[in-house]
Amino acid sequence: MPNSITNSRFLSSEAGIDLLARSHFLNQETMDLQKKRALTQLRSKSSNLDKYMFLAWLRNTNVKLFYRIVIDELEEITPLIYTPTVGTACLEYSHIAPFLAPPGVPDGLFLSLNDLPHLTQIIRDYRPFPFDESLTPQITVITDGSRILGLGDLGVNGMGIPVGKLQLYTAAAGIDPRRTLPITLDTGTNNEKNLNDELYLGSRRKRAEDDEFYPFVDAVIKSLHDVYPNLLIQFEDFSSEHAFDLLEKYRDNTFCFNDDIQGTGAVILSGFMNAVHLVENDVPPTEHRLLFFGAGSAGVGVAKQLLDFFIREHDMDEEIAKKRVWLVDSRGLVTKDRGDKLAKHKIYFARDDNEGKQYKSLMDVINYVKPTALIGLSSQGGVFSANVIERMAELNKRPIIFPLSNPSVNAECTFEQAMIHSNNRVIFASGTGFPRYTDPQTGKVHVPGQGNNMYIFPGLGLGAILARPPIITDRQIFAASSALARSLTDEERSQELLYPSITRIRSVSAEIAAAVMVEAVREGFARDPEALKLCRGHLNELKNFKGPRWHSLIKYVQGHMWDPNTNDLMDENYFLGSRI
Ligand SMILES: NC(=O)C1=CN([C@@H]2O[C@H](COP(=O)(O)OP(=O)(O)OC[C@H]3O[C@@H](n4cnc5c(N)ncnc54)[C@H](O)[C@@H]3O)[C@@H](O)[C@H]2O)C=CC1
Ligand SMILES: CC(=O)C(=O)O
Ligand SMILES: [Mg+2]
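Residues numbered from 1 in each chain as written. Chains lettered and ligands numbered in written order. Predicted model: local features only at pLDDT ≥ 70, side-chain atom pairs only at ≥ 80, totals over all residues. Heavy atoms only, no water.

Caption draft 1: Region of interest: the overall build of the chain. Per the secondary structure count, the chain includes 27 helices and 14 strands. What you see for the chain is a C-alpha radius of gyration of 24 Å, in line with the 25 Å of a compact globule of 580 residues. A principal-axis box enclosing the C-alpha atoms of the chain has dimensions of 80 × 55 × 55 Å. Looking at the chain as a whole, 59% of its 580 residues qualify as buried. The long-range fraction of contacts in the chain, counting pairs at least 24 apart against all pairs at least 6 apart in sequence, stands at 73%. Summed over its atoms, the accessible surface of the chain is roughly 23500 Å², and 50% of this surface lies on carbon and sulfur atoms. In the chain, 62 positive and 72 negative side-chain charges are present, and the distance between their average locations comes to 3 Å. (Helix = DSSP H or I, 4+ residues; strand = E, 2+ residues; numbered from the N terminus. Rg over C-alpha atoms; globule rule 2.2 N^0.38 Å. Buried < 20%, exposed > 50% of the residue type's maximum accessible area, 1.4 Å probe, protein only. Contact = heavy atoms within 4.5 Å. Areas by Shrake-Rupley, 256 points an atom, 1.4 Å probe, with all protein chains shown as cover. Lys, Arg positive; Asp, Glu negative; His and termini not counted. Charge placed at Lys NZ, Arg CZ, Asp CG, Glu CD.)

The following block contains the structure:
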């Protein structure tokens, strides 16, 4: 729409900082023009942290413009609102928080142990921006900040993660931003730097012990569902022991999933299935030998999910499939007779065929296991050295190497290193995106894969919200993973990509969501009447994920995805200027 306000009016409003006039002025401008102005500002900032702060402010004042930019410029913006920059923002969170939003606009909901008696009231009273009384939250991402990316215990500074993940729910899967709820639990921190920082925003106490921690989480979950009975809960970046325990406790009775265990498992299964196709002339699918460097929530979560490849896709017995997996932790190869007490989550994969020998260094383990795939989830930046990559390339015509730790400084190797030391033969995916690599000899440009759960959780969450099963099952997660693997276009396959281009993430998320809905209906868990109408009785047609019914389902999903251009003008729920 053309601007109907004169320049002189604009100048006088600028001079007088007349926000009302300015908001009126912006209300009249086209989204394209506003976008141009905002992108010019954004690109003029020199550091990524400044860009993060600029974007946070934009989100907390002009939601539609923010999401228009994120959706249109996903490749440029995702690394600024998510990994790697969100890692820097979390490290600095207590120093920058007041400058991310105008006074009175919360970045997310903090719940501390002191809030225990009033949780329900606090949750009910929380007013996010944008806010609409008639729209209740559909999804929360909740952390306690105890293992933020590969950066360790950051306490309440971890808030950047729920905020960042929920932005991707909106950008990638069209969850209405008014229906997202970022939560950080403040149960203390063991991070001395934070405890000694006078600017630290959280409770200045050590982390609560389990006898205080678990009842608190219980009370939070109960209060959340008292206030919002249909809320989907995504557990994120809890330390591994708690992550596994919470999942075990809630997975069969609560509408929830753990992103680090299940979301990461699903995304890597999907990339692995595509990698297996690329090497099937050299390695029969059931002969893969998977070495996991890192045996925490992500390592074991991915290892468990990859078993589905052998069990569901290749009909292998679970005990035999399990033998295709080797775990390494900070003490070396995980074996039953290593002599230390193994954490619960490692026992399932602990080897008993090592004939009493223990293998400590990564190179020793590689020489012993002779893996076809090396998967890094250790947060140990650079540990896949030139020697390691070269050895993988000696053992395999096309070595599969996935340095998945975040952010980039924690990645076990870079794409460039993997390409150079494998003579360009590597099949690669990293947790945080790396730049493309240009072969200096041929000038050929190689595109790295990004194996990050951001390809899964938005679509999985959207599908679950639309189907409304009471719980998220392994089958729904497998359906999400398979849908992602299927989503590659012919062109992407010909470029040997493992994941679709991020620019297509909204349509990919719609396909994932539809596949999750079909599975929830097939299992008999879906409760949403529309989902049942669209799928029940048609499961035979829908199981091939094509044809008219499948396309109607995709259309239905897309019809439920919020888009910032729904109304080209700002309206007051989305634009803080008009509230001032
Ligand atoms: N790409 C993705 O989508 C995702 C990536 N991640 C990343 O995975 C990493 C690990 O996450 P969690 O498993 O939750 O953390 P964690 O801290 O529980 O696990 C780390 C594991 O690495 C092992 N480790 C540490 N130092 C080692 C060393 N020097 N040698 C061998 N092993 C060593 C530890 O023993 C532990 O088993 C993080 O960097 C996180 O950002 C996590 C979730 C999703
Ligand atoms: C990506 C993610 O969830 C993590 O690094 O923890
Ligand atoms: Mg995570």
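Caption draft 2: Representation of the site of ligand 1 in the model. Neighbouring ligand 1 are 25 residues, the closest being Arg 147, Ser 240, Ala 295, Ser 297 and Ser 379. Taking Arg 147, its side chain carries an N or O atom lying 2.7 Å from an oxygen atom of ligand 1. One of the side-chain nitrogen or oxygen atoms of Ser 240 is found 2.4 Å away from an oxygen atom of ligand 1. Here ligand 1 loses 84% of its free accessible area of 860 Å² to cover by the protein chains. Its atoms largely coinciding with the cavity grid, ligand 1 occupies the largest pocket. For the shell around ligand 1, the secondary structure elements donating two or more residues are helix H14 (259–279) and helix H15 (297–313). Its residues assigned to classes, the shell around ligand 1 shows six nonpolar, 16 polar and three charged. (Near = heavy atom within 4 Å. Polar contact = N/O pair within 3.5 Å; in protein donor to acceptor, adjacent residues only side chain to side chain. 1 Å grid on protein atoms, 1.4 Å probe; cavity = no way out; pocket = protein on both sides within 12 Å on 5 of 7 lines; lining within 4 Å. Sits in = over half its atoms within 2 Å of the grid points. Nonpolar A, V, L, I, M, F, W, Y, C, P; charged D, E, K, R; others polar.)

Caption draft 3: Spotlight on the pattern of salt bridges. In total, this model carries 40 salt bridges according to the counting rule given. When salt bridges with common partners are traced through the structure, they connect Lys 35, Arg 43, Arg 68, Asp 72, Glu 73, Glu 76, Arg 506 and Asp 563 into a single cluster. (Salt bridge = Lys/Arg side-chain N within 4 Å of Asp/Glu carboxyl O.)

Caption draft 4: Seen up close, the UniProt feature "binding site: a divalent metal cation" (unreviewed entry) in the chain. As annotated in UniProt, the feature "binding site: a divalent metal cation" (unreviewed entry) corresponds to Glu 236, Asp 237 and Asp 260 in the numbering used here. These residues run over 25 residues, yet every pair of their C-alpha atoms falls within 6.7 Å of each other. Of the residues named above, Glu 236, Asp 237 and Asp 260 line the largest pocket. When you line up the elements, Glu 236 lands in the loop between strand E4 (232–235) and helix H13 (240–250). If near-sequence neighbours (up to four positions away) are discounted, Glu 236 is found in contact with Val 141, Ile 142, Thr 143, Asp 144, Ile 161, Lys 165, Asp 259 and Asp 260. Position of Asp 260 relative to the elements: it lies in helix H14. (UniProt positions renumbered as here; feature names shortened; annotations may be inferred.)

Caption draft 5: Region of interest: the sheet that holds strand E1 (residues 109–112). Strand order in the open sheet formed by five strands is E1-E3-E2-E4-E5, with parallel pairing between adjacent strands. Of all strands in the sheet, those with a lone pairing partner are E1 and strand E5 (256–258), marking the two edges. Shown here is a sheet whose adjacent strand axes are inclined to one another by a mean of 25 degrees, direction ignored. Across four bridges, E1 lies against strand E3 (residues 180–186) in parallel orientation. Residue Ser 112 lies in a different strand from E3, and its bridge partner there is Asp 186. Taken strand by strand, helix H12 (residues 210–227) contacts E1, strand E2 (139–143), E3 and E4, and its axis lies near 160 degrees from that of E3. (Pairing = 2+ DSSP bridges. Axes fitted to C-alpha atoms, helices over the stretch in contact; angles between N-to-C directions.)

Caption draft 6: View of unusual backbone geometry. With an omega of 10 degrees, the peptide bond running from Thr 83 to Pro 84 counts as cis. Checked against the element boundaries, Pro 84 lands in the loop between helix H6 (74–81) and helix H7 (85–91). In this model, Asn 406 is joined to Pro 407 through a cis peptide bond whose omega is -15 degrees. Locating Pro 407 in the fold gives a position in the loop between strand E10 (400–403) and helix H20 (415–421). Positive phi, normally seen in glycine, also occurs at Arg 468, with a value near 55 degrees. When you line up the elements, Arg 468 lands in the loop between helix H21 (457–467) and helix H22 (474–486). Overall, the relative accessible area of 24% leaves Arg 468 in the partly exposed class.

Caption draft 7: Main features of the site of ligand 2. Neighbouring residues of ligand 2: Tyr 82, Arg 147, Leu 149, Lys 165, Glu 236, Asp 237, Asp 259, Asp 260, Asn 406, Asn 452 and Asn 453. Glu 236 places a polar side-chain atom, nitrogen or oxygen, 3.0 Å from an oxygen atom of ligand 2. Expressed as a share of its isolated accessible area of 220 Å², the protein-covered part of ligand 2 is 91%. The cavity that encloses ligand 2 is the largest pocket. Per-class residue counts for the shell around ligand 2 are two nonpolar, three polar and six charged.

Caption draft 8: Up close: empty space enclosed by the protein. Applying the stated criterion across every chain yields a total of one cavity of 30 Å³ or more. Each pocket or cavity is described by its volume, and for the largest cavity that value is around 190 Å³. As for the largest cavity, its lining consists of 18 residues, and the residues nearest its centre are Arg 59, Phe 129, Pro 177, Thr 180 and Pro 182. The set of elements that each furnish at least two residues to the lining of the largest cavity consists of helix H5 (63–72), helix H10 (160–173) and E3. The element contributing the most residues to the lining of the largest cavity is H10, with four residues. (Points joined across faces, edges and corners; volume = space filled by probe spheres on them.)

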